[in-house]
Amino acid sequence: MQAAWMVVASLMFALMSVCIKVAASQFNTAEIVAWRGAIGIVFMAAWCRASGVSMRTRVPMMHVWRSIVGVMSLASWFYAIAHLPLATAMTLNYMSGVWVAAFLVGGTLVMGRLQDLSRQGPIVLTVLAAFTGVVLLLRPTIEQNQLFAGLIGLLSGLGAAFAYLQVAALGRVGEPEARTVLYFSIGATVAGFAAMPFTGVSHWTWPHALWLLPIGVLAALGQLAMTRAYTRGATLVVANLQYSGIVFAALFGLWLFGDRISPMGWAGMALIIASGVAATFLRARALPNPPAEEH
């Protein structure tokens, strides 16, 4: 199933977060964003060349909009991480799946396609169930003096939802996944290097700086898999499966950094996994042979 590419993307992003956790002791946020994008450009340019994908696009403004909302979402998430408990920042960012579901259901209601609503309803419930699992696993908290940072974190999830929907729109107009990821890497690079004069430039030390390489490669691979998922898979199912990233991140934290997972956290992971399976089953039962372009 094409939506399963989101599980692959979530694994790549979770591995990337492990590398970022190590690199963040040496580099600031703008530097990580800039070099993540720059390495992604080299990687994706080589990918495009090897796969015969042209770098020219007929819809440059769609890529500009995708880059703007994507980079703003990323910057908002990093701000939230800096000013909120990590669990809270991650939960607010992962509300993107709920926002995607809300946008799609709202659009269905506006267009009066009630027959689609009856098919989407059960899958929307699986998205909400998965988000409940995220809350159980991360148990976010927020203090009164963190309300502004909480709002920024909420906007990071909203921006991510817009970015995912724009990725799906690019797929519908025939843009190859590799080109979409290449242009986003360009946007991230420009934004990161533009911010570096204000955030400062760190002194490079070896081999610590080598962590930037897997960050860029894993980001590109994750973006490629995510783009393929939203381009070819059912949007609501993909939005649900992105929560698998929380499970991967929690397990990596357990194995690599000695983090502890409470019984409630294990229950949350089980709920996330069960909701993903349920969403996939419901989609397959509703459309046994869905066309690739339907979302």
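Residues numbered from 1 in each chain as written. Predicted model: local features only at pLDDT ≥ 70, side-chain atom pairs only at ≥ 80, totals over all residues. Heavy atoms only, no water.

Let's talk about the packing of helix 1 (residues 5–23) against helix 11 (residues 244–256)
For clarity, the threshold we go by: Axis definition: a line fitted to C-alpha atoms, limited for helices to the stretch in contact. Angles are taken between N-to-C directions and run from 0 to 180 degrees. Strands here are runs of E lasting at least two residues and helices are runs of H or I lasting at least four, both read from the DSSP assignment and numbered beginning at the N terminus. Handedness of each helix crossing follows the sense of rotation of the near helix against the far helix: counterclockwise by less than a right angle gives left-handed, clockwise gives right-handed. Contact definition: two residues touch when any of their heavy atoms are within 4.5 Å. Polar here means any residue other than Ala, Val, Leu, Ile, Met, Phe, Trp, Tyr, Cys and Pro, which are nonpolar, and Asp, Glu, Lys and Arg, which are charged; Gly is therefore polar.
The N-to-C vectors of helix 1 and helix 11 enclose an angle of 35°; their axes lie 8 Å apart at closest approach. Where helix 1 crosses over helix 11, the two elements pack in a sense that is right-handed. Counting all contacts with helix 1, which are made through Met6, Val7, Ser10, Leu11, Ala14, Leu15 and Val18, the residues of helix 11 involved are Ser244, Gly245, Phe248, Ala249, Phe252 and Leu256. Its residues placed into classes, the contact of helix 1 with helix 11 shows 10 nonpolar, 3 polar and no charged.

Quick notes on the side chain of glutamine 146
As a reminder of what qualifies: Each residue is assigned to one of three classes by its accessible area relative to the maximum for its type, calculated with a 1.4 Å probe on protein chains only: buried under 20%, partly exposed between the two thresholds, exposed over 50%.
One can find glutamine 146 in the loop between helix 6 (114–138) and helix 7 (147–172). Exposure remark for glutamine 146: the relative accessible area of 15% places this residue in the buried category. Not counting the four nearest positions on each side in its chain, glutamine 146 is found in contact with His83, Leu84, Pro85 and Thr141.

Details of the confidence of the model for the chain
Keep this limit in mind: The predictor attaches a confidence to each residue, called pLDDT, with possible values from 0 through 100.
With 93% of its residues at a pLDDT of at least 70, the chain reaches an overall mean of 87. Looking over the chain, one finds the lowest element-wise mean pLDDT in helix 4 (residues 86–93), namely 80, and the highest in helix 8 (residues 177–199), namely 95. pLDDT under 50 marks residues 288–295. Its contacts with residues more than four places away, or in other chains, come to 15 contacts.

Concerning the pattern of salt bridges
In plain terms, the rule: When a carboxyl oxygen of Asp or Glu is within 4 Å of a side-chain nitrogen of Lys or Arg, the pair counts as a salt bridge.
Going through the model one piece at a time under the given rule, you end up with 3 salt bridges. A salt bridge links glutamate 177 to arginine 228; the shortest N-O distance between them is 3.8 Å. Of this pair, glutamate 177 sits in helix 8 while arginine 228 is found in helix 9 (residues 212–232), placing the two residues 51 residues apart along the sequence. Residue classification places glutamate 177 among the buried positions, given a relative accessible area of 8%. On the basis of relative accessible area, arginine 228 is assigned to the partly exposed category, the value being 23%. Of the charged contacts, one joins arginine 232 and glutamate 177 as a salt bridge, the two residues approaching to 2.8 Å between their closest N and O atoms. Placement of the pair is arginine 232 in helix 9 and glutamate 177 in helix 8, with a sequence separation of 55 residues. One continuous salt-bridge network, built from bridges that share partners, spans Glu177, Arg228 and Arg232.

Focus: the packing of helix 1 against helix 9
Worth spelling out the cut-off: In this scheme, roughly parallel covers angles under 35 degrees and roughly antiparallel covers those over 145, while 65 to 115 is roughly perpendicular and the rest are oblique.
Contact geometry for helix 1 and helix 9: axes closest at 8 Å, N-to-C directions at 155°. When the axes of helix 1 and helix 9 are compared, the pair comes out roughly antiparallel. Of the two elements, helix 1 crosses helix 9, and the hand of that crossing is left-handed. Of helix 9, the residues touching helix 1 (which contributes Trp5, Met6, Val8, Ala9, Met12, Phe13, Leu15, Met16, Cys19, Ile20 and Ala23) are Pro214, Ile215, Leu218, Ala219, Leu221, Gly222, Gln223, Ala225, Met226, Arg228, Ala229 and Tyr230. Looking at the contact of helix 1 with helix 9, its residues break down into 20 nonpolar, 2 polar and 1 charged.

As for the nonpolar core
Defined as follows: In this text, buried Ala, Val, Leu, Ile, Met, Phe, Trp, Tyr and Cys residues form a nonpolar core when linked through side-chain atoms within 4.5 Å.
Formed by 56 residues in total, the largest nonpolar core has its most connected members in Met6, Tyr230, Tyr243 and Ile246. The next biggest cluster of nonpolar side chains, apart from the first, holds 8 residues, and it includes Cys48, Val53, Ala178 and Val181.

A closer look at the side chain of glutamate 177
Threshold: The definition of a polar contact used here is a pair of N or O atoms within 3.5 Å, where within protein one atom must be able to donate a hydrogen and the other to accept one, and adjacent residues in sequence count solely through side-chain atom pairs.
Reaching out from glutamate 177, the side chain makes a polar contact with the side chain of arginine 232 at a distance of 2.8 Å. Apart from the residues lying within four places of it in its own chain, the contact partners of glutamate 177 are Leu224, Thr227, Arg228, Thr231 and Arg232.

Things to note about the environment of leucine 221
Mapping leucine 221 onto the fold places it in helix 9. For the pair formed by leucine 221 and valine 181, sequence separation is 40 residues and the distance between their alpha carbons is 9.0 Å. Beyond its immediate sequence surroundings of up to four residues, leucine 221 is in contact with Met12, Phe43 and Trp47.

Topic: the packing of aromatic side chains
This is how it is decided: Two rings belonging to Phe, Tyr or Trp (six-membered ring only in the last case) form a pair when the distance between their centres is within 6.5 Å. Interplanar angles under 30 degrees mark stacking, angles over 60 mark edge-to-face geometry, and anything in between is tilted.
Taken as a whole, this structure holds 12 aromatic pairs when the rule is applied. Arranged with centres 5.8 Å apart and planes meeting at 80°, the rings of phenylalanine 27 and tryptophan 204 form a pair that is edge-to-face. Highlighted residues: phenylalanine 27 in the loop between helix 1 and helix 2 (29–51) and tryptophan 204 in the loop between helix 8 and helix 9, separated in sequence by 177 residues. Residue phenylalanine 27 is classed as buried on the basis of its relative accessible area of 3%. Judged by its relative accessible area of 30%, tryptophan 204 is partly exposed.

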